[in-house]
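# Descriptive structure summary
Chain residues, written in single-letter form:
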Amino acid sequence: MTTKEFFRRLRHRLWSTSQTLLLLRPANAPLPEQTWKPCPGEFRDVTEENINDCGQFENAVHYVPIYREMLKQGDVVHFGYLNGKCVFRHCMQRSGSFYEDGCLVHTLGADEAFIHYVFCSPNARGLGFHTEGTRRFCEQLLAHSFYTCVKPDNFPSLHGFFLSGFQPYSLLTVKNRFLFRRLHEHILTPEEIRKYYDI
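First things first, this report covers the structure right here in the doc. (Residues numbered from 1 in each chain as written. Predicted model: local features only at pLDDT ≥ 70, side-chain atom pairs only at ≥ 80, totals over all residues. Heavy atoms only, no water.)

### So, the overall build of the protein
Formally: The numbering of helices and of strands both runs from the N terminus, where a helix is a DSSP run of H or I of at least 4 residues and a strand a run of E of at least 2. Whether two residues are in contact is decided by their heavy atoms, any of which lying within 4.5 Å being enough. Every accessible area reported is derived by Shrake-Rupley at a probe size of 1.4 Å, with residue values counting cover from the shown protein chains alone. In this tally, Lys and Arg are treated as positive and Asp and Glu as negative; His is ignored, and so are the chain termini. Charge positions come from single atoms, namely NZ of Lys, CZ of Arg, CG of Asp or CD of Glu.
For the protein, the helix and strand inventory stands at five helices and ten strands. Taken over the C-alpha atoms alone, the protein extends approximately 45 × 45 × 35 Å along its principal axes. Put simply, of all contacts in the protein between residues at least 6 apart along the chain, 70% involve residues at least 24 apart. A total of about 11100 Å² of accessible surface is found on the protein, and carbon and sulfur atoms cover 55% of it. Here the protein contributes 23 positively and 21 negatively charged side chains, and the mean placements of these two sets differ by 8 Å.

### A closer look at the packing of helix α3 (residues 129-140) against helix α4 (residues 155-162)
So the rule is basically this: Helix axes are fitted to C-alpha atoms over the stretch in contact, other axes to C-alpha atoms as well, and angles between N-to-C directions run from 0 to 180 degrees. Whether a crossing is left-handed or right-handed is set by the direction in which the near helix is turned from the far one by less than a right angle, anticlockwise for left-handed and clockwise for right-handed.
It is the contact of α3 with α4, at a shortest axis distance of 8 Å, that shows an interaxial angle of 35°. Every pair of crossing elements has a handedness; the one defined by α3 and α4 is right-handed. Residues His130, Thr131 and Thr134 of α3 form the contact with α4, whose participating residues are Pro156, Ser157, Gly160 and Phe161.

### Observations regarding the sheet that holds strand β3 (residues 76-82)
Counted only if it meets this: In this analysis, strands are considered paired if DSSP registers two or more bridges between them.
Spatially, β2-β3-β4-β7-β8-β1-β9-β10 is the arrangement adopted by the eight strands of the open sheet, whose pairing is mixed. Every other strand in the sheet has two partners, leaving β2 (42-45) and β10 (180-187) as the edge strands with one partner each. Ignoring which end each strand starts from, the neighbouring axes of this sheet average 25° apart. Where strand β7 (residues 112-120) meets strand β8 (residues 145-150), four bridges bridge the pair, whose relative direction is parallel. Directly across from Glu112, in β8, lies its bridge partner Ser145. The sheet strands contacting α3 are β1 (15-25), β2, β3, β4 (85-93), β7 and β8, and the helix crosses β4 at an angle near 35°.

### Brief notes about α3
Let me state the cut-off plainly: Expected helix span is computed as 1.5 Å times (number of residues minus one). Type-normalised accessible area, obtained with a 1.4 Å probe on protein chains alone, sets the label of each residue: buried when under 20%, exposed when over 50%, and partly exposed for intermediate values.
Between its terminal C-alpha atoms α3 stretches 16 Å, which fits the 16 Å expected from twelve residues at 1.5 Å a residue. With respect to burial, α3 is a largely interior element, nine of its twelve residues being buried.

### Some points on the side chain of His78
The test is simple: Whenever two N or O atoms come within 3.5 Å, that pair is a polar contact, provided that in protein one can donate a hydrogen and the other can accept it, and provided that, for residues adjacent in sequence, both atoms are side-chain atoms.
Looking at where His78 falls in the secondary structure, it is placed in strand β3. Here the side chain of His78 touches Asp45 through a polar contact of 2.8 Å, side chain to side chain. Leave out the neighbours within four places in its chain, and His78 touches Arg44, Asp45, Val46, Phe88, Arg89, His90 and Phe137.

### With respect to the environment of Phe79
Mapped onto the elements of the fold, Phe79 is located in strand β3. Separated by 50 residues in sequence, Phe79 and Phe129 have C-alpha atoms that sit 9.7 Å apart. Apart from residues no more than four positions distant in its own chain, Phe79 is found in contact with Glu42, Phe43, Arg44, Val46, Asn50, Ile51, Asp53, Cys54, Tyr67, Cys86, Phe88 and Arg89.

### Digging into the layout of surface pockets
Here the idea is plain: a probe the size of a water molecule rolls over the atoms and shows the empty space left. The criterion, for reference: A 1.4 Å probe that fits but cannot get out identifies a cavity on a 1 Å grid over protein atoms alone, an open set with protein on both sides within 12 Å along at least five of seven lines counts as a pocket, and a residue lines either if it has an atom within 4 Å of a point. Grid points are joined across faces, edges and corners, and a volume is the space filled by probe spheres set on the points. For this scheme, ten residues count as nonpolar: Ala, Val, Leu, Ile, Met, Phe, Trp, Tyr, Cys and Pro. Four count as charged, namely Asp, Glu, Lys and Arg, and the remainder, Gly too, count as polar.
Estimates place the volume of the largest pocket at around 1300 Å³. Lining the largest pocket are 38 residues, and of these Tyr117, Val118, Phe119, Asn154 and Ser157 sit closest to its centre. Among the secondary structure elements, those contributing two or more residues to the lining of the largest pocket are α1 (3-14), β5 (97-100), β7, α3, β8 and α4. Ranked by the residues each element gives to the lining of the largest pocket, the list is headed by β7, at seven residues. Within the lining of the largest pocket, the residues separate by chemical class into 16 nonpolar, 13 polar and nine charged.

### Description of the environment of His62
Relative to the helices and strands, His62 is located in helix α2 (residues 60-72). For His62, a relative accessible area of 44% puts it in the partly exposed group. With 35 residues separating them in the primary sequence, His62 and Ser97 have C-alpha atoms 23 Å apart.

By themselves, these are just geometric observations and shouldn't be taken as functional.
Below, the structure written as structure tokens:
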């Protein structure tokens, strides 16, 4: 960690307020009709054989241990490839709890899953990796309810999840005040939900 990154995190921990949207895809909800062009890439499950491929678009020294820990706890991790090069990753958690900025959000039930750790290389954005990858997770477990967390101003990510049937559910606000951290969850009203579809 660089000195700049250390002080950025310290400032955030001492005094900050952040907001995140919790999206929900209800169990057994039909997937919307596919109306966009097919993704030109391919998706592969992450194993020890290809886990280092992430080094083609991110720091493998930093991320490989994170993926190994996810796999160890039972998460499903996918890499996306474009012309044989790794350009995308996302993960599906099927047990345990998920957190936002260190605060507990929800403990998953037996028929629930959480999609997280989504990232696409800048040179592969707009090609449908996010949308297609999300739909594949949902098709795999149609009888599950899915959750994910997205920043309210991350419009491309929100749009991709909407195309897979996710809906805004609540707004999570985390306040860091010196050694104290608190999460407040506001359940969105129908009127508040509608404004996010106007992005």
